[in-house]
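Secondary and tertiary structure notes
Chain residues, written in single-letter form:
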Amino acid sequence: MDVEDRRSPSDRCGPLDVHLSPREDTEDGPGDEIFKAEDPDLPPDLDWLEELSEEDDSEGDDDGDLAVMADSGKKRSYAETARMFKLRRNLDQLDCFHQQKEHDVLKAREKRKLCQQNIQSLLEQRDNLEREIEQQKVTDNSVALFRLRAQHRHLGERLQSEEELEGHISTELKQLELELSEVEVELGRCSLLRREVQEEEQRFQVLKAQKAAARMQRERKTSQNLQHKMKNLRDKQAAVLKKEETECQKKIEEGRASRKIAAKYLKQTIKRMHQQEAEREKQNRELLEKRIEAVQSLKTNIEATQENLRVQQNRARANAQKKEQQQRQLRESLQAQGINSIKHMHLQKQQQEIKQKEGEFEESQKSKRVEIVSKILQEEQLINKKQRKQALLPKPSTTDKFLSLRRASEMLPYYLDPIPPSATEERDTIQIRDLGDTSSSSASSACSDAEDLEETEDSEEKVDHQIRTDSLAEPEFSGLWNQHNKKIPNEKTTLVLTKVRQEEPPMTSGKLNVTAKRILGKELKGPPFRSKPEVIHFKDFEVGKMYKKKIVLTNISYTVNNCKFLRVSTHLKSFFTINFQPPASLSTGMSCDMQAIFQPMINEDLEGELHFASALGPFSVPVRCTVKKCILEVDSQFIDFGSHVVGHTISRTITLTNKGALATLFNLDTSTCLSPETSYVQMPPQVSANTCKTSSQNIASNNQNSPESTDAGDVQSKQQSQELSAGLQREQSEGPKAVPEACLSSDVDTEIDQSPSDTSDIRLGSVQEGEIGPFESVKLEILFTPSIPGETKLDFHIKFSDKTSKPIPIHVRGVAVSIPVWVLQPNIDLKICMFDRLYQDSIMVQSRASTALKLTFEVCLEMRKHMEILPKTGFIQAQSSFSAQLKFIPRRSLSKDAKKLFDSDTGVLEVPMTVQVAGQVQPAHFTVHAIVTSSDLQFDQSEVDFGYCSIYQSVKSSIRLTNLSLLPQDFGFLGVPEFIEVQPNDGFGTLLPQESLQIDLIFSAKIAKEYNFQLSCKSGINRDFLLSCRAVGIHPPLALSHFLVQFGATAVGDQSTAILFLSNHQTDRDQNRQPVSPGVKAPVMPRLFSFALPEDSDISITPSAGRLLPGERCLVQVTFKPRLLDQEIKEEALRRLHRAKLLCERELEGNRLAEQEAKKEIPLESSKGKKASVNPKHSKVSDEPKTETETESPDPVDFVPGSHWYEEAKVSLLYSFRQRYREYIIPCFVSDGDAPEDDKQVQPAWSPFNTLYVKLQCPAVQPPLVVISNNGCNTINFHQVAVGDRVIKRFTVQNISQESLDLSSSVLDMNGPFSLLNALRCIRPGEKHTLILAFSPTVEKKYWDMLEVQSQKMTLGMTLLGEGIVPAVTSSHTGGLLDFGCVLEKETASQVVKLQNSSAVAVGFRALLASLSPFRPQGAADRVAFLLDRYANAHVQPTVGTQNYSGLSVFSVVPVEGSIAPGQSQEFTVTFLPDHPSVNYSDKLTIELMNRSKVCVMDLKGAASSHNMYLRGGDLLTVPVESLLPSVIPGPPLLTESESPTIPLLVTLQASSNSGAITPAVRELQVGCICSSQASKKGGEFHWDNVVTLQQQGFNVEPSKGNVDPGQRRTITITWTPLTGYKPYEVVQMCAPLTIKGDEVSVYRVTLMALVSTTAD
């Protein structure tokens, strides 16, 4: 394939894709242009041309060819047609390239046009700016002038960049236009080719139309022939139908005659049928008696089973309770030791499961060993069969015999004992193979094909043996081995391959890269030599053997030629040896011989070429080497047995053929779906068994043949990993599962694969697995034995051990047919029926007959009162079904009417029924089965007496209700009076057969009277059963609002409250102190009451005693607060202490035993003196913990609240607390009357009839929320906190319940200092949630608050405490100005400020810079206001001055925030870092506390210079606010080398005049030298020029010159004294240069202006 064919479609429009170049031919003429093809092969997108040409060749000469010349009848060549399509493709690419170039040129022109428009607009803007600059110059507006000049410079830069861009675009446009012209020239050159291609395309279309017409004509002929055949077929069918009609008429006549003859024998048949029916009735009676006996035994078994179930349930409950108790004790002991009890118990369960699996695994291993032995015997039989087959073949040589014996001897011990062969044995086998190779190579080249055939047979035997040996090295776990892995070449190999491909000329397999040349006027198309065979094919080779092929090269050119061998393909050099003696010269038709020797080293398919050179050019011969493969197929994949009657057996055979040279194992798998892991057949079962055996015993097995060494290495590595997992098994309980489970799973897979599907009517024959050799076929038998009418299908797969062979699916179908008319359901079971109830069922009759038949349903005489079938007679249509209705109403007289069919003791009923079919000798039989039972319910008492009952209390009485039926029955007490309650389930329920249920009747008298009533129990079938009841109601003097209090599930530590009311009702005045008769009431008088609480209960009642006047009501509050008793906690602490002692003693005992064993081993290991010397040390160490445990064990007296053991025991009880339910019946004793007025100390009489009872149901549960922080304490103390500061504390709660909890909290004081910062969320079981509380006092005092954390099941209360105090903090700097002086640019200066905390609490602070404040006005609004309003004094500067150009802050403070401990101090480091010279650096630093109180406020000031000498003082010539933009003022004019730039400085001196006396004016200038690491250590100097001139005008400068050391400053004092004759309001002005020399020389032009002011200062 040429270069452009390998490119993507998007790159085909590039210039490199055009391969149209003119070539002059010596014979055709110099002016002709032809297409230059690098490769005669057709590209992939034109492969259909080759197929089309092949079709044309196959059709014959009369149909024509695809490429036929239009002018003449000559045959058109295939290369010319390919050339036409290639030309069209390249011309299209050239057109695409031309369009792309035109688009690029247009795009470049648009860009240039846009750039010119931008330049024009910029020029206009520049002109406008120049006009504005001139206007501002006239108005002398310097600020606007600076701004406009900056804009002008910016526009100039933009204009310059646009002009450069325009030049670049113009250059690019010229280049694109040049390329476009070149492409147009190329298009013009190709115009002739374009016309030629168009003409060829037209001819191609004409040929295509001709071929389509020819095809259409052939199709018409074919359709006419087909219609003629169909007509003949219809005529034949009509003739066959006529013949069938005549035969049918004959059969009808014969049938009529046969019926007349059969009528004679009908009577005898009827008699015989009656006898058979009598025998069947007798058999049915015997069967009925047996069933009656079975039902009786079933009844007794049910009763025994129920009793056994009760006993087993009781025993299971006891065992479960015992097991729970043991687990609880174990868990408590583990928790006492600090061990995770859940994990420990889980590990124990896993160890038990592992032991159980190990036992099962050992049993499976035993069974697998038996299977392995059986498989070995089968394989020995297979080997014997092969030996018999080999005996029939020609006798091999002595070396072959030796090899076969050697293989057999190697294979047998491998099956018996997988031990790797020794090195000597491997060496012997290698030598034997070498002998075989040398003997095979000594044969002559003439019989090379025969040798290849023999070697193929030997290699097949060797592959068979390799398959058997490889089967024992399969992986234990299915993984990457089952996939078709492809070798991924590394980088080195890819580089080598690419280099080789670059060196080799472009060739393809089967085609020779030779250009067409003309010899003696004839054109040679193709290679100059032809090889025989055309492709050197080494088929079914085997690694390690030598193969030879003889190749004959024939000169097919038209001239004398020679031939020379060049090379073999790079990847075949290691395997091929070529014996070739180049001939001198070969005439046309002459040939030469060559021998190719192939020695394969790898078992892979190889392809390549042998490259030769000739006088006419190079050519090559393709080489192909293929390994042995399996080519498997069956003669049919779908088998249809058709329709057959039930009971027959039909057999079909399919043939499995292996057309390949590689043998394989096959297996018939009936599983419905195949996963990728199970798509290949497993090797014999001993493979998995051996794998499991080696994994359990850690034995490494190696294969014996050298090609299998890699598999053996894999097995060894797997066994090493299994040994490692076995080592981890001792530490972790999860380890032992790996090997047994893997082995078990592999065993299960093999068992599933081997188990045939015998449950289906279609089954496989005896041959279900085996081996199919090379070029062999196996017949597989499939049997169909229909047992149930209907269609049966079976899908199975033939799987192979060769992983390259896919499973072959086989589909089998068969239909079973039954008798013509039959009952679909021969046994109709009505289950259990009750007397006098209607039961119905349908009887379905099916017909397979082709005519309608009459049906008659018969019911025996005994059952006609109880059973009926409707309709009794009917007609069933052909090929359809008939449905009849069966009605069954068992009467009470069933036992009398049908004594033979019904057993009254067991209730079993069995009725035989028949369906008479007209025209069918044998009727259809079916049987109706039922068990008839009663529907009675029975009470164990006929009457219930409740006795005396208070109108405020309830009396309970229990009865038992029994179901006498064999069916479950629903029951319900209906019409129950309001004063009685039936439980359970309000008197409704279901009774199982023969079951008794205890029912509680609760009587609550509403008024004091006698009660006589009946309860009605109605069953599910609307039957009533009555029960009589009676009772007497009495009236006590006092009454409670509620007599039953059901508290909710209350967590330990929480509380629940219930409110009751105790009232004294007014009654009649008739009084009898002993109310025996009903309806008697107590007199009206005060009553005393008293509640008696049990000891150590969680109940409290307020008030517990009191006195009630008539008509008075008292509120009684009942509180339930579950808690852990102090005694329980102490007992738990004692248990934990006892367990700890036991564990310590066991540990000491274990250490002692270890020491004794070590001492015993010392004499045996005398040579190891080092280990013996270590033992005494271990004994000393083991004695130390013993003394410690004895001394540190706490005393039981120390178990006081707050101690370590007490708190641990309390936490353990809380975590192990599950549920506790207690019921309390609290009596309220009521007196018969009030105490005597004489002596109030005398107690009145207390009657038991007046006593009231209140029942409390108190369930206690584990607290869902537990505080796990702060040592479990519910009090959070913030201690002392500074006023205005905020302290945050956290406490964590954990959900120890089994449900998620939605947490919420109570509302804290909105104006208080406490606040909850985070939200409460839903926490899942085991999760923790941290509550964040903040305390920020505002006043100096103590605070207290209560926070309640609420959930669905409890409320957790937290107490919050804290105290606020006022902080006392002082600063070393009192505030004001903090001057950093002058520093060099980009250098730093630092100063330290110290804070001292004198208060008793830690104080938080923060440092704030005004330049970094978020509240600072944006856009320098403060500076604008400063410039407009506040610039009255030149020495006043804004708060935030000049900033750095880099954006970094000029001043920085470290630390920015923090906290100062009580009595400690904190230092602040303020750093000054300017990045450009300026004298206007300033900022403001504020240090404040967290309560926003300011400690100190400092104004920061600094200056920066670019030289080490600086001058400060004088009047400001510019505003103190600088812009961050660089200066736009044009620089000074260029100076000569002798001149130096001067810096202007203005000093104004103002003398004061007071009463004629003039005070001289004095000003100071500061000259300083900066001490820096960058500058030199030398100082600087300064001097004034023209001092004498200054003195003449009254100015005096001191000193006029001097030196300044680094880090020092000198003050220059300027004094002006007005001279005599000075005129008032006259300004004296003088200029004097001041020269300062440092690292550079700076000259200041100092202007002195002096005047006299008369205004007072």
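From a predicted model like this one, the values you see are computed outputs, not experimental measurements.

1. A look at the overall build of the protein chain
A count of helical and extended segments in the protein chain gives 19 helices and 76 strands. Across the 1657 residues that make up the protein chain, the buried fraction comes to 37%. Considering only contacts in the protein chain between residues 6 or more positions apart, those separated by 24 or more positions represent 72%. For the protein chain, the accessible surface area stands at approximately 97,800 Å², while carbon and sulfur atoms represent 52% of it.

2. So, the packing of aromatic side chains
Counting across every chain of the model gives 33 aromatic pairs. Between Phe 538 and Phe 598 the ring centres are 5.1 Å apart and the planes differ by 45°, which places this aromatic pair in the tilted class. Placement of the pair is Phe 538 in strand β4 (residues 536–541) and Phe 598 in strand β8 (residues 591–598), with a sequence separation of 60 residues. Exposure class is identical for Phe 538 and Phe 598. Each is buried.

3. Focus: the nonpolar core
Phe 946, Leu 1001, Phe 1003, Phe 1013, Leu 1062, Leu 1252 and Leu 1256 are the most contacted members of the largest nonpolar core, which has 66 residues in total. Filtering out sequence-adjacent residues up to four positions away, Leu 1062 remains in contact with Leu 1038, Ala 1039, Leu 1040, Phe 1089, Leu 1108, Glu 1112, Arg 1113, Cys 1114, Val 1116, Cys 1228 and Leu 1252. Judged by nonpolar contacts, the second largest core, of 35 residues, contains Met 863, Val 915, Val 917 and Val 928.

4. Things to note about the pattern of salt bridges
Under the defined criterion, the tally for this structure stands at 40 salt bridges. Arg 285 is the salt-bridge partner of Glu 281, the closest N and O atoms lying 3.8 Å from each other. In this pair, Glu 281 and Arg 285 are both assigned in helix α5 (residues 266–337), four residues apart and thus about one turn of the helix distant. Look at Arg 285 and you get partly exposed, because its relative accessible area is 37%. With a closest N to O distance of 2.6 Å, Asp 936 and Arg 1023 form a salt bridge. Taken together, the positions of Asp 936 in the loop between β28 (924–933) and β29 (937–939) and Arg 1023 in the loop between β36 (1010–1019) and β37 (1024–1034) put the pair 87 residues apart, joining distant regions of the chain. Using a relative accessible area of 25% as the deciding quantity, one classes Asp 936 as partly exposed. Within this structure, Asp 640, Glu 791, Lys 793 and Arg 813 form a network of salt bridges that share partners.

5. A word on the confidence of the model for the protein chain
Averaged over every residue, the pLDDT of the protein chain is 76; the share at 70 or more is 74%. Segment residues 673–759 is flagged for pLDDT under 50; beyond a separation of four residues in sequence, or across chains, it makes 159 contacts in the model. In the model, residues 1164–1193 has pLDDT below 50 throughout and makes twelve contacts with residues more than four positions away in sequence or in other chains.

6. Considerations on a negative patch on the surface
Where like charges cluster on the molecular surface, the negative patch consists of Glu 124, Asp 127, Glu 130 and Glu 134. Residue placement: Glu 134 occurs in helix α2 (residues 78–139). On the basis of relative accessible area, Glu 134 is assigned to the partly exposed category, the value being 48%.

7. A look at helix α3 (residues 142–189)
With 48 residues, α3 extends 70 Å from end C-alpha to end C-alpha; this agrees with the ideal 70 Å at 1.5 Å per step. Capping of α3 at its N-terminal end is provided by Asn 141; its side-chain oxygen lies 3.5 Å from the backbone amide nitrogen of Ala 144.

8. Quick word on the packing of α3 against helix α4 (residues 191–264)
Between α3 and α4, whose axes approach to 4 Å, the crossing angle comes to 50°. By the criterion of interaxial angle, the relationship of α3 to α4 is oblique. In this structure, α3 uses Leu 187, Gly 188 and Arg 189 to contact α4, whose residues at the interface are Ser 191, Leu 192 and Arg 194. Residues that form the contact of α3 with α4 fall into these classes: two nonpolar, two polar and two charged.

9. Some points on unusual backbone geometry
The general pattern is negative phi for most residues beyond glycine and trans for most peptide bonds. Cis geometry marks the peptide bond from Lys 532 to Pro 533, where omega comes out at 5°. By secondary structure assignment, the location of Pro 533 is in the loop between β3 (529–532) and β4. For the bond from Glu 1598 to Pro 1599, the omega torsion is -15°, close enough to zero to count as cis. Here Pro 1599 shows up in the loop between β72 (1595–1598) and β73 (1601–1604). You will see that Asp 1096, though not glycine, has its phi angle at about 50°, which is positive. With respect to the helices, strands and loops of the structure, Asp 1096 is situated in the loop between β42 (1087–1091) and β43 (1099–1102).

10. Focus: the side chain of Gln 1566
Within the secondary structure, Gln 1566 sits in strand β70 (residues 1561–1569). Engagement of the side chain of Gln 1566 in a polar contact is seen with the side chain of Thr 1611, the distance being 3.2 Å. Residues in contact with Gln 1566, not counting those within four places in the same chain, are Tyr 1510, Leu 1511, Arg 1512, Arg 1609, Arg 1610 and Thr 1611.

11. Some thoughts on the environment of Asp 1126
Take Asp 1126: it is sitting in helix α15 (residues 1126–1164). A relative accessible area of 33% means that Asp 1126 is categorised as partly exposed. Residues Asp 1126 and Phe 1199 lie 73 residues apart in sequence; the distance between their C-alpha atoms is 9.9 Å.

12. Overview of the side chain of Ser 569
Tracing the sequence through the fold places Ser 569 in the loop between β6 (563–568) and β7 (576–579). There is a polar contact of 2.8 Å between the side chain of Ser 569 and the backbone nitrogen of Glu 609.

13. Brief notes about helix α17 (residues 1204–1216)
Relative to the 18 Å expected for 13 residues at 1.5 Å per residue, α17 spans 18 Å between its end C-alpha atoms, a close match to the ideal helical length. Among the residues making up α17, those that are buried are Trp 1205, Tyr 1206, Ala 1209, Ser 1212, Leu 1213 and Leu 1214.

14. Re the sheet that holds strand β13 (residues 650–658)
The sheet built from four strands is open, its strands ordered β11-β13-β17-β15 with antiparallel pairing. Of all strands in the sheet, those with a lone pairing partner are β11 (632–634) and β15 (762–764), marking the two edges. Shown here is a sheet whose adjacent strand axes are inclined to one another by a mean of 25°, direction ignored. As paired elements, β13 and strand β17 (residues 777–784) share eight bridges and run antiparallel to each other. In the sheet register, Ser 651 faces β17, and the bridge partner there is Leu 783.

15. What to know about the environment of Pro 1337
For Pro 1337, the location among the structural elements is in the loop between β55 (1328–1335) and β56 (1342–1350). You can call Pro 1337 buried: its relative accessible area is 1%. Between the alpha carbons of Pro 1337 and Gly 1362 there is a distance of 8.4 Å; along the sequence they are 25 residues apart. Ignoring anything within four residues of it in the chain, the contact list for Pro 1337 reads Val 1281, Ala 1282, Val 1283, Gly 1284, Asp 1285, Pro 1313, Tyr 1343 and Gly 1364.

16. Quick notes on the sheet that holds strand β22 (residues 839–847)
As summarised here, the arrangement of the four strands in space is β20-β22-β26-β24, forming an open sheet in which the pairing is antiparallel. The open sheet terminates on both sides in strands that have one partner only, identified here as β20 (821–823) and β24 (867–870). With direction set aside, neighbouring strand axes in the sheet form an average angle of 25°. Across three bridges, the pairing between β20 and β22 is antiparallel. Bridging across to β22, Val 821 finds its partner in Ser 847.

17. Description of the pairing of β3
Put simply, side chains in a regular strand alternate between the two faces of the sheet. Burial along β3 is one-sided: Phe 529 and Ser 531 are buried, and none of Arg 530 and Lys 532, which face the opposite way, are. Where β3 meets strand β5 (residues 547–555), four bridges bridge the pair, whose relative direction is antiparallel. Following the sheet pairing, Lys 532 is matched in β5 by Val 552.

18. Observations regarding the packing of α2 against α4
Look at α2 against α4: their axes get within 10 Å of each other, and the N-to-C directions meet at 130°. In terms of axis orientation, α2 runs oblique to α4. Both α2 and α4 take part in a crossing whose hand is left-handed. Between α2, through Arg 83, Met 84, Phe 85, Leu 87, Arg 88, Leu 91 and Asp 95, and α4, the contact on the second element is made entirely by Leu 193, Arg 194, Glu 196, Val 197, Gln 198, Glu 200, Glu 201 and Phe 204. Taken together, the residues that form the contact of α2 with α4 break down as seven nonpolar, one polar and seven charged.

19. Side note on a nonpolar patch on the surface
The grouping of Leu 226, Met 230 and Leu 233 at the surface amounts to a nonpolar patch, some 270 Å² of accessible area in total. Structurally, Leu 226 can be placed in helix α4.

20. A few points about the environment of Ile 889
Examined against the element boundaries, Ile 889 turns out to sit in the loop between β26 (881–888) and α14 (894–897). If we skip the residues at most four places from it in the chain, Ile 889 touches Asp 836, Arg 837, Leu 838 and His 866.

Rules behind the numbers
Residues numbered from 1 in each chain as written. Predicted model: local features only at pLDDT ≥ 70, side-chain atom pairs only at ≥ 80, totals over all residues. Heavy atoms only, no water. Helix = DSSP H or I, 4+ residues; strand = E, 2+ residues; numbered from the N terminus. Buried < 20%, exposed > 50% of the residue type's maximum accessible area, 1.4 Å probe, protein only. Contact = heavy atoms within 4.5 Å. Areas by Shrake-Rupley, 256 points an atom, 1.4 Å probe, with all protein chains shown as cover. Phe/Tyr/Trp six-rings, centres within 6.5 Å; stacked < 30°, edge-to-face > 60°. Core = buried A, V, L, I, M, F, W, Y, C linked by side-chain atoms within 4.5 Å. Salt bridge = Lys/Arg side-chain N within 4 Å of Asp/Glu carboxyl O. pLDDT = per-residue confidence, 0-100. Patch = residues over 30% accessible without salt bridge, like charges linked within 9 Å, V, L, I, M, F, W, Y side chains within 5 Å. Lys, Arg positive; Asp, Glu negative; His and termini not counted. Charge placed at Lys NZ, Arg CZ, Asp CG, Glu CD. Expected span 1.5 Å × (residues − 1). Polar contact = N/O pair within 3.5 Å; in protein donor to acceptor, adjacent residues only side chain to side chain. Axes fitted to C-alpha atoms, helices over the stretch in contact; angles between N-to-C directions. Parallel < 35°, antiparallel > 145°, perpendicular 65-115°, else oblique. Nonpolar A, V, L, I, M, F, W, Y, C, P; charged D, E, K, R; others polar. Pairing = 2+ DSSP bridges. Left-handed = near helix turned anticlockwise from the far one by under 90°.

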